[in-house]
Amino acid sequence: MYKALADTLALMNNVGTLSSGRLLLLQPLIDFVQQKVSNGQAVPINFICSHNARRSHLAQVWAQTAAAYFAVPGVYCYSGGTEVTALFPGVAQTLTDQGFAISIIAGGNNPVYAIKYAGNAVPIIGFSKKYDHPFHPTSGFAAVMTCTQADEGCPFIAGAEKRVPLPFDDPKIADGTPQQAAIYAERSLQIAAEMYYVFSMIRK
């Protein structure tokens with residue numbers, strides 16, 4: 001794992017204690033991962049928000065990274081939205097600042113990013129797409145709803161084995177303001193801390 005990223009992850013024990021409310025929200029995801037790992041099965045997780053531009057990508061990247069950090073096997077993380085937009089450039093910049101190596105492998109209005117947490121790791125592919133895009137698993141996955149709009153707008157996710165509401169505040173509120181970088185960094189680290197906690201709880 002890249003040293004700068006390992007240094008970021010090393011801070012996770014110091015980000016503060018997760019509230020009892022957040023721990024309750026995280027438990028169903030822990031249970032899903034643990035059951036799959038205990039049964040020797042793949043662990044597909046699809047993080048879903050309305051635009052697949054910010055929170056769902058951050059959750060996808062940090063969950064995949066935390067799984068690698070704790071050597072939890074068979075974890076495959078995805079992200080999607082209820083509509084297609086583009087991965088917000090501020091997300092890519094935030095992740096770069098926190099230690100990831102990121103490159104654009106296809107341009108256009110909806111660029112495709114390769115996001116790596118280690119030199120020899122398979123890159124995490126980031127681009128905006130609907131939650132039912134062919135890129136995603138079709139059954140046996142956990143659908144993690146990272147915003148209330150997606151949770152309310154998608155009463156049914158075909159193929160999901162478990163649905164986990166896990167809303168995060170949208171950093172979009174800071175777009176174009178002097179606080180943008182700080183708010184994105186804060187939200188990213190919050191998501192990192194929660195994914196770190198989830199995978200730290202898995203018994204292999």
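Our structure's up above, just so we're on the same page.
In this report, we go over the structure that sits alongside the text. (Residues numbered from 1 in each chain as written. Predicted model: local features only at pLDDT ≥ 70, side-chain atom pairs only at ≥ 80, totals over all residues. Heavy atoms only, no water.)

**Section: the side chain of R54**
Turning to step 1, where the next piece is worked out: On the secondary structure map, R54 appears in the loop between β1 (43-49) and α3 (55-69).
Turning to step 2, where the next piece is worked out: On the basis of relative accessible area, R54 is assigned to the buried category, the value being 10%.
Turning to step 3, where the next piece is worked out: Setting aside anything within four residues of it in sequence, one finds R54 in contact with F88, V91, D170, P171, K172, D175 and Y184. (Helix = DSSP H or I, 4+ residues; strand = E, 2+ residues; numbered from the N terminus. Buried < 20%, exposed > 50% of the residue type's maximum accessible area, 1.4 Å probe, protein only. Contact = heavy atoms within 4.5 Å.)

**Notes on the nonpolar core**
Turning to step 1, where the next piece is worked out: Counting residues in hydrophobic clusters, the biggest one holds 50 residues, and the most contacted among them are V33, I45, W62, V72, M195 and F199.
Turning to step 2, where the next piece is worked out: For this core, the element with the highest residue contribution is helix α6 (residues 180-200), accounting for eight residues. (Core = buried A, V, L, I, M, F, W, Y, C linked by side-chain atoms within 4.5 Å.)

**A closer look at the environment of A63**
Turning to step 1, where the next piece is worked out: You can see A63 is positioned in helix α3.
Turning to step 2, where the next piece is worked out: For A63, a relative accessible area of 0% puts it in the buried group.
Turning to step 3, where the next piece is worked out: Counting along the chain gives 39 residues from A63 to L24, while the straight-line C-alpha distance between them is 18 Å.

**What to know about the packing of helix α4 (residues 89-97) against α6**
Turning to step 1, where the next piece is worked out: The contact between α4 and α6 brings their axes to 10 Å, and the two run at 65 degrees. Between α4 and α6, the interaxial angle falls into the category roughly perpendicular. Every pair of crossing elements has a handedness; the one defined by α4 and α6 is right-handed. Across the interface between the two elements, G90, V91, T94 and L95 from α4 touch Y184, A185 and S188 from α6.
Turning to step 2, where the next piece is worked out: Along the lines of polarity and charge, the residues of the contact of α4 with α6 split into four nonpolar, three polar and no charged. (Axes fitted to C-alpha atoms, helices over the stretch in contact; angles between N-to-C directions. Parallel < 35°, antiparallel > 145°, perpendicular 65-115°, else oblique. Left-handed = near helix turned anticlockwise from the far one by under 90°. Nonpolar A, V, L, I, M, F, W, Y, C, P; charged D, E, K, R; others polar.)

**Digging into the side chain of S56**
Turning to step 1, where the next piece is worked out: Residue placement: S56 occurs in helix α3.
Turning to step 2, where the next piece is worked out: What makes S56 buried here is its relative accessible area of 0%.
Turning to step 3, where the next piece is worked out: Engagement of the side chain of S56 in a polar contact is seen with the side chain of N52, the distance being 2.9 Å. (Polar contact = N/O pair within 3.5 Å; in protein donor to acceptor, adjacent residues only side chain to side chain.)

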